[in-house]
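# Report on the structure
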Amino acid sequence: MSTTGRIHSWDLSTGVDGPGTRFVLFTSGCPLRCLYCANPDTWHMRDGREATVDGVMAEIDKYRAFVTTAGGGVTLTGGEPLLQPAFTGEVLRRCKETGLHTALDTSGFLGARATDELLADTDLVMLDIKSFDIGTYRRLTGGELAPTLSFATRLDRLGVPVWIRYVLVPDWTDDPEAVDGLAGFVAGLGNVDRVDVLPFHKLGAHKYEALGIPFPLRDTPVPGPDLTERVREQFREHGLRAF
């Protein structure tokens, strides 16, 4: 029997969800409530639709030639894919067995749920470290920072390639000392290929309106190019490739 899970949707993207052109599967359900979340419609598993791994693979197969020709693969994101580790692990395994590059986009908050087998089937982890300040992380996400840092060190130990993702939010994640602390931590890992500093945006604001819930950062400005470059340069000063 094919493993089942809850998914929100899927899409094709280039350049933002891993190398090359990607088949991006959005799973449903997330334990965090990030104030800047662009996908509040993926928070609850009940709002997704049930899908089997066989069904997902059939959909992926329709685009296999397209994504492989473009040097891409399959990315699981969400929501939080590790909220459904059996389903996520099975999709990654099936993709890996058929020669597709696999990527996992995760906050790392549920990293303990990822088995070594699941990670062995993952060619790339895109790890979203939302803040290096414990208090800020808690206020920003509703969760704790420690599980993500523990997951990061485990990925290093296992030799799983990682891209760090850091969402830059003015007055939230732009504190120089916190950025420098994170950069130092990341530089101490031997498996990080790059750091993507992602400027906060409000493209998901309409989703909050549709759901009838307030967008907490509606009045927060987006970061300007000077601030974005300053933060990227802080990572570069620690020997990291930052974009």
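One can find the structure itself at the top, above this paragraph.
These numbers come from a predicted model, not from an experiment. (Residues numbered from 1 in each chain as written. Predicted model: local features only at pLDDT ≥ 70, side-chain atom pairs only at ≥ 80, totals over all residues. Heavy atoms only, no water.)

## Comments concerning the environment of Gln 84
Checked against the element boundaries, Gln 84 lands in the loop between strand S4 (73-77) and helix H3 (85-97). By relative accessible area, Gln 84 is classed as buried at 7%. For Gln 84 and Leu 100, which are 16 residues apart along the polypeptide, the C-alpha to C-alpha distance reads 21 Å. In contact with Gln 84, other than residues within four places in its own chain, are Gly 5, Arg 6, Thr 27, Ser 28 and Met 45. (Helix = DSSP H or I, 4+ residues; strand = E, 2+ residues; numbered from the N terminus. Buried < 20%, exposed > 50% of the residue type's maximum accessible area, 1.4 Å probe, protein only. Contact = heavy atoms within 4.5 Å.)

## Brief notes about the pattern of salt bridges
Scanning all chains against the criterion turns up 15 salt bridges. One salt bridge connects Arg 236 with Glu 233, and the closest N-O pair in it is separated by 3.4 Å. Separated by three residues within a single helix, Arg 236 and Glu 233 lie in helix H9 (residues 225-236), roughly one turn from each other. The exposure class assigned to Arg 236 is partly exposed, which follows from its relative accessible area of 31%. A relative accessible area of 35% means that Glu 233 is categorised as partly exposed. (Salt bridge = Lys/Arg side-chain N within 4 Å of Asp/Glu carboxyl O.)

## What about the sheet that holds strand S5 (residues 101-106)?
Spatial strand order, S3-S1-S2-S4-S5-S6-S7-S8: eight strands in an open sheet with mixed pairing. The sheet terminates laterally at strand S3 (49-52) and strand S8 (192-199), the two strands that pair on one side only. If you compare each strand with its neighbour and ignore which way they point, the axes differ by 30 degrees on average. Where strand S6 (residues 124-128) and strand S7 (residues 162-168) come together, four bridges link them in parallel fashion. Following the sheet pairing, Leu 127 is matched in S7 by Ile 164. Strand contacts of helix H1 (residues 53-62): strand S1 (4-14), strand S2 (21-27), S3 and S4, with the helix running at about 80 degrees to S3, the strand carrying the most contacts. Docked against the sheet, H9 engages S7 and S8, running at close to 160 degrees with respect to S8. (Pairing = 2+ DSSP bridges. Axes fitted to C-alpha atoms, helices over the stretch in contact; angles between N-to-C directions.)

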